[in-house]
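Each chain, written out:
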Amino acid sequence: MKKRILCFLLCAITLLSLVACASEKYDLLYSVDVGDVTYCVRGSGTRAKQIVLKKGDEIVWAKKVKIDSEVGNLGETFGFEATDLNFDGVTDFMIASEIDKDCISYLCYVWNAEKETYQLSEELGKLYNVKADTELKAIFGFSHTHETEKAYLDVPAASIDTDIATKYVWKDGKLLPQMRTSVTFYSETNRYLYSVAYYNAETREWTDDFYSEKWFTPEEYAEQDLSFLYYFK
């Protein structure tokens, strides 16, 4: 008898938890319609705290999200975008969660057909400035690195800054890098190096395309069209 009561209580708690998760909370901050689904970002002030998907007045999916306060409304959209992230024909969505200068992290939710629900993608969550290109069926990610070389004897301190845009493709459900372009600035020589590299999935190594390398002075660099590298701006 006690086991039945305990089982009933556990089921009731689970049911209440599901109902609570499927309810709208906070204020409506932003919404966008895709087909017959309305994607809603809800929160307080300029901080998103919940994503709700609705069909008409019916809530079909809801989830609390943890967003850093520094993200703010990020261009009035709160960094939210509804798009197909794995190119299976189903609309997925993502929302900015953290921001560090040009690097923005996202919570990316991808539709799981087997479980018939949206799930957080750990692979996409590791990237910065996630961008889905539906024509190329590729995902782009951006990263920035900074290295400092200490001064030694009569050699002054120097720094190396590198911006990298990487193209990824889905293969057998996994996100694999394919190629990357980068621009590295060497403060010691006051020069920029543009380079391209390709990823070998078998060896899991990058191979530089030395024929594509180009060195630029600051004046030459300013004249280059690098919109493909800074696609997110």
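In the block above lies the structure referred to throughout.
Here's what I pulled together on the structure shown here. (Residues numbered from 1 in each chain as written. Predicted model: local features only at pLDDT ≥ 70, side-chain atom pairs only at ≥ 80, totals over all residues. Heavy atoms only, no water.)

Description of the sheet that holds strand β5 (residues 80–83)
Argument step 1. With antiparallel pairing, four strands are arranged side by side in an open sheet as β5-β6-β7-β8. At either margin of the open sheet sits one strand with a lone partner, and together these are β5 and β8 (117–120). The average undirected angle you get between the axes of adjacent strands in this sheet is 30°.
Argument step 2. Sheet topology note: the β5/strand β6 (residues 92–100) ladder contains four bridges and is antiparallel. Bridge pairing in β6 links E81 to M94. (Pairing = 2+ DSSP bridges. Helix = DSSP H or I, 4+ residues; strand = E, 2+ residues; numbered from the N terminus. Axes fitted to C-alpha atoms, helices over the stretch in contact; angles between N-to-C directions.)

Digging into the environment of S105
Argument step 1. Mapped onto the elements, S105 comes out in strand β7 (residues 103–112).
Argument step 2. By relative accessible area, which is 13% here, S105 ends up buried.
Argument step 3. Each C-alpha atom, one on S105 and one on G125, is 6.8 Å from the other, the two residues being 20 residues apart in sequence.
Argument step 4. The residues touching S105, leaving out its near neighbours within four places in the chain, are I95, A96, S97, E98, L127 and Y128. (Buried < 20%, exposed > 50% of the residue type's maximum accessible area, 1.4 Å probe, protein only. Contact = heavy atoms within 4.5 Å.)

Some words on a negative patch on the surface
Argument step 1. On the surface, D68, E70, E98 and D100 cluster together to form a negatively charged patch.
Argument step 2. Along the chain, the position of E98 falls in strand β6. (Patch = residues over 30% accessible without salt bridge, like charges linked within 9 Å, V, L, I, M, F, W, Y side chains within 5 Å. Areas by Shrake-Rupley, 256 points an atom, 1.4 Å probe, with all protein chains shown as cover. Salt bridge = Lys/Arg side-chain N within 4 Å of Asp/Glu carboxyl O. Lys, Arg positive; Asp, Glu negative; His and termini not counted. Charge placed at Lys NZ, Arg CZ, Asp CG, Glu CD.)

Considering the side chain of S97
Argument step 1. Here S97 is to be found in strand β6.
Argument step 2. You can call S97 buried: its relative accessible area is 9%.
Argument step 3. When residues no more than four places from it in sequence are discounted, the contact partners of S97 are K66, I67, D68, V71, S105, Y106 and L107.

Remarks on the sheet that holds strand β4 (residues 58–64)
Argument step 1. Strand order in the open sheet formed by four strands is β1-β2-β3-β4, with antiparallel pairing between adjacent strands. The open sheet terminates on both sides in strands that have one partner only, identified here as β1 (27–34) and β4. Each strand of the sheet is rotated relative to its neighbour by a mean of 20°, with strand direction disregarded.

Regarding the pairing of strand β3 (residues 47–55)
The side chains of a regular strand alternate, residue by residue, between the two faces of the sheet.
Argument step 1. The pairing of strand β2 (residues 37–44) with β3 spans seven bridges and is antiparallel. When the sheet's bridge partners are listed, G43 is paired in β3 with A48.
Argument step 2. Where β2 folds back onto β3 in an antiparallel hairpin, the turn is made up of two residues, including G45, whose phi is positive at roughly 65°.
Argument step 3. Looking at chain direction, β3 and β4 are connected through six bridges and run antiparallel. The residue bridging K54 from the neighbouring strand is I59, located in β4.
Argument step 4. Following β3, the chain reverses through two residues before pairing antiparallel with β4; G56 in that reversal takes a positive phi of roughly 70°.

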